[in-house]
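# A structural walkthrough
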Amino acid sequence: MKKLIRLTVNDREYDVAVLPNQTLVDVIRYELGLTGAKKGCEMGDCGSCTVLMDGKPVNSCLVLAMQAAGRKIQTIEGIETENGLHPVQEAFVQKGAIQCGFCSSGMILTAKSLLDKNPNPTEQDIRKSLSGNLCRCTGYQHIIEAVKSVTP
Amino acid sequence: MLLPKFDFHAPETVNEACQMLSEYGLKAKLIAGGTDLMVNMKKKILAPEQIISISQIRELDHLDVSGDRILIGAGVTVADLCESKTIAGYLPALGQGANNLGTPLIRNLATIGGNIGSARPAADLPPGLMAYGAEVVLQSKAGIRTLPLDNFFLGPGFTALQPDEILTEIRILVPPAGSGAAYVNIGIRKAQDCNLVNVASYFALDSNGIIQNARVVMGCVGPKPFRAVSAEKILIGQKPDIQLFEKAGEAASADSQPIDDFRSCATYKRSMVGVLTQRTLQQAWTRIKNQE
Ligand SMILES: Cc1cc2nc3c(=O)[nH]c(=O)nc-3n(C[C@H](O)[C@H](O)[C@H](O)COP(=O)(O)OP(=O)(O)OC[C@H]3O[C@@H](n4cnc5c(N)ncnc54)[C@H](O)[C@@H]3O)c2cc1C
Ligand code: FES
Ligand code: FES
């Protein structure tokens, strides 16, 4: 049976009726219409469904929507500001780190959360933090360079 | 990918969760981080009718030193273990396991209770925990009992946990001065792989520099993580050095019971048990020397 839950996504509150067995990624994509988070493997392997939950990147294909009630969710749609794209988004465009774009939302959100915690990471830190996000276009080098370009 | 149909419950306290478990029994499954259970449900291996979420229960989130014991709530995430100064300071072998588990995204969801509860023979946290002699606290409506982690695992996916019990806490005695431990795992890649072999070793010296207590725990080479008893016997009563660690490695290899599978052949795993036993003992020894 559907139950009404309150989800906070990109600082906006949504009251959505969800089924107990709906995943967070499905609710975000199909109920809220935010299609930035992708569905790749649906098994926690690829990271294309990455969203930030209370500031931390997680695989939203492994989270039940009901478990996300009361948590703060951020998706790729929510990190732009009135000044335009988020610096990590801008860097991905400038450095050619986006090919097909399927991995980009996840890559950018994971990189953003790393930089929020540690504004000056080493290349090794960047590689380690992105190790749960796969790029099937294999554009890793440009992705690492894009993240590096945002550090001081 | 469709999940089975189930009802969802989010109790606020352990008592409430125990009440639900006693009502639903085998029809219910606990979900913490979900990184094991969700995959098993998607693969149609499990189809519980009732899902009881415990990730919102704040009682399960603590990580404290209390007297001579370190108390870790079952809901503590693997990412929290990686960042904790208590873990890095007192239990570095557990920290090594946490840092090697899954990916950063998985670590943000995965809990220590779920890693133990899933009872996978290749899991990253049990060897370190068993090397430190951890105990688990199991709670049901009927009360609380404790069990050495050594006796908790029964086989792949099977544990001593009763259907109405929740694992609430992991308890570890603060390791004494003059003791050290380490964990090493090997797999195909650094991230996102399943271990081929993993070993954790612990030993403690007496005031004369003689090993008075030792635990060597092997994963992936049997139906559950288990102790290399003959390696421990070789270590106890001796002074630590490379030759002794080599002999202990050979004994651990002989104690292991690996099988051939698509990841690698048993012969390779058996010889790696020896190598990792030596390496973990060496690292533990270095840690002891660095305390002095
Ligand atoms: C892509 C991917 C990579 C992974 N890599 C690794 C890896 O490298 N190493 C590794 O060890 N594991 C790995 N795992 C497995 C999994 O992430 C871990 O075992 C994790 O610690 C499980 O914790 P959880 O909180 O997500 O468990 P859940 O899925 O929530 O629960 C797992 C099981 O334990 C039970 N359970 C959970 N909490 C309790 C409790 N408090 N009391 C009683 N029972 C409980 C549940 O009922 C369930 O049966 C990986 C998983 C994925 C999807
Ligand atoms: S779709 Fe979630 S990790 Fe691949
Ligand atoms: S840009 Fe295509 S998957 Fe990364």
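Within any chain, residue numbers begin from 1 and follow the written order of that chain's sequence. As they are written, the chains are lettered A onward and the ligands numbered 1 onward, keeping that order. Where local features are concerned, this predicted model is filtered to residues with pLDDT of at least 70; where side-chain atom pairs are given and counted, the filter is 80 or more; whole-chain, interface and lining totals use all residues. Based on all heavy atoms of the structure, the side-chain values leave hydrogens and waters out of the count.

Quick look at the interface of chain A and chain B now. For interface size, the figure often reported is the accessible area lost on association. With 30 residues of chain A at the interface, the matching set in chain B holds 31 residues. Once two parts are joined, some of their accessible surface, as seen by a 1.4 Å probe, is lost; buried area is that loss totalled over both. Summed over both sides, the interface between chain A and chain B buries roughly 2400 Å², with carbon and sulfur atoms accounting for 59% of that surface. Any carboxyl oxygen of Asp or Glu that lies within 4 Å of a side-chain nitrogen of Lys or Arg is treated as forming a salt bridge with it. Summed over the shared surface of chain A and chain B, the number is 1 salt bridge. For E83 of chain B, the salt bridge identified is with K117 of chain A, shortest N-O distance 3.0 Å. Polar contact criterion, stated in full: a pair of N or O atoms within 3.5 Å, where within protein one must be able to donate a hydrogen and the other to accept it, and residues adjacent in sequence count only if both atoms are side-chain atoms. Summed over the shared surface of chain A and chain B, the number is 9 residue pairs in polar contact (both at pLDDT 80 or more). For helices the rule is a DSSP run of H or I covering at least 4 residues; for strands it is a run of E covering at least 2, with both sets numbered from the N terminus onward. Those elements giving two or more residues to the side of chain A that touches chain B turn out to be β3 (50-53), β4 (56-59), α3 (104-117) and α4 (123-129) of chain A. Here the side of chain A that touches chain B gets 4 residues from one element, more than from any other, and that element is β4 of chain A. Here the residues of the side of chain A that touches chain B sort into 12 nonpolar, 12 polar and 6 charged. Residue contacts follow a heavy-atom distance rule, with two residues in contact if any of their heavy atoms lie within 4.5 Å. Gly is placed with the polar residues, together with every amino acid not listed as nonpolar (Ala, Val, Leu, Ile, Met, Phe, Trp, Tyr, Cys and Pro) or charged (Asp, Glu, Lys and Arg).

What follows deals with the site of ligand 1. Working definition: residue near molecule or strand if any one of its non-hydrogen atoms lies within 4 Å of it. Around ligand 1, the structure places 34 residues, and the nearest of them are A32, T35, L37, T111 and D124 of chain B. Lying at an intersection of chains, ligand 1 is approached by residues of chains A and B. In the model, an oxygen atom of ligand 1 is placed 2.7 Å from a nitrogen or oxygen of the A32 of chain B main chain. Residue L37 of chain B places a main-chain N or O atom 2.7 Å away from an oxygen atom belonging to ligand 1. Per-residue and other accessible areas were derived by the Shrake-Rupley procedure at a 1.4 Å probe size, with only the shown protein chains allowed to occlude residues. Taking 980 Å² as the accessible area of ligand 1 by itself, protein coverage stands at 93%. Where the shell around ligand 1 is concerned, the elements lending two or more residues are β2 (28-31), α2 (37-42), α7 (112-117) and β10 (166-173) of chain B. When residues of the shell around ligand 1 are assigned to their parent elements, the largest contribution, 4 residues, is made by α7 of chain B. The residue makeup of the shell around ligand 1, split by class, is 15 nonpolar, 13 polar and 6 charged.

Residue and element names in this part refer to chain B. Taken in spatial order, the 4 strands of this open sheet run β11-β12-β13-β14, and their pairing is antiparallel. Here the strands that pair on one side only, and so sit at the sheet edges, are β11 (179-186) and β14 (226-227). One ladder, built from 8 bridges, connects β11 with strand β12 (residues 197-205); its direction is antiparallel. Along β12, the bridge assignment pairs G180 with F203. Paired strands, in this sense, are two strands between which DSSP finds at least two bridges.

Moving on, we get to the pattern of salt bridges. Under the defined criterion, the tally for this structure stands at 17 salt bridges over all chains. One salt-bridge network, held together by shared partners, links R6, E13 and D15 of chain A.

It is worth spelling out the packing of helix α2 (residues 87-94) of chain A against α3 of chain A at this point. Residue and element names in this part refer to chain A. An axis is simply a line fitted to the C-alpha atoms; with a helix, the fit covers only the stretch in contact. Between two such axes, the angle follows the N-to-C directions and lies from 0 to 180 degrees. Put simply, α2 and α3 touch, their axes get as near as 9 Å, and they point 130 degrees apart. In terms of orientation, α2 and α3 fall into the oblique class. The handedness of the crossing between α2 and α3 comes out as right-handed. Of α3, the residues touching α2 (which contributes V88, Q89 and F92) are M107, I108, A111, K112 and L115. Taken together, the residues that form the contact of α2 with α3 break down as 6 nonpolar, 1 polar and 1 charged. Throughout this description, any angle smaller than 35 degrees is read as roughly parallel, any larger than 145 degrees as roughly antiparallel, any in the 65 to 115 degree range as roughly perpendicular, and the remainder as oblique. The crossing is said to be left-handed when, going from far helix to near helix, the turn is anticlockwise and less than a right angle, and right-handed when the turn is clockwise.

Let us now look at the domain arrangement of chain A. Residues and elements named next belong to chain A. Considered domain by domain, chain A is made up of domain 1 (3-78) and domain 2 (87-149). With centres defined by C-alpha atoms, the gap from domain 1 to domain 2 works out at 21 Å. Between domain 1 and domain 2 the total buried area reaches about 1100 Å² when both faces are included, carbon and sulfur atoms providing 63% of it. On the domain 1 side of the contact with domain 2, T50, L52 and I76 bury the most area, a combined 40% of that side's loss. On inspection of domain 1 and its partner domain 2, the count reaches 0 salt bridges. Scanning the region where domain 1 abuts domain 2 turns up 4 residue pairs in polar contact (both at pLDDT 80 or more). Note that the domain bounds were set by an automatic or database domain assignment.

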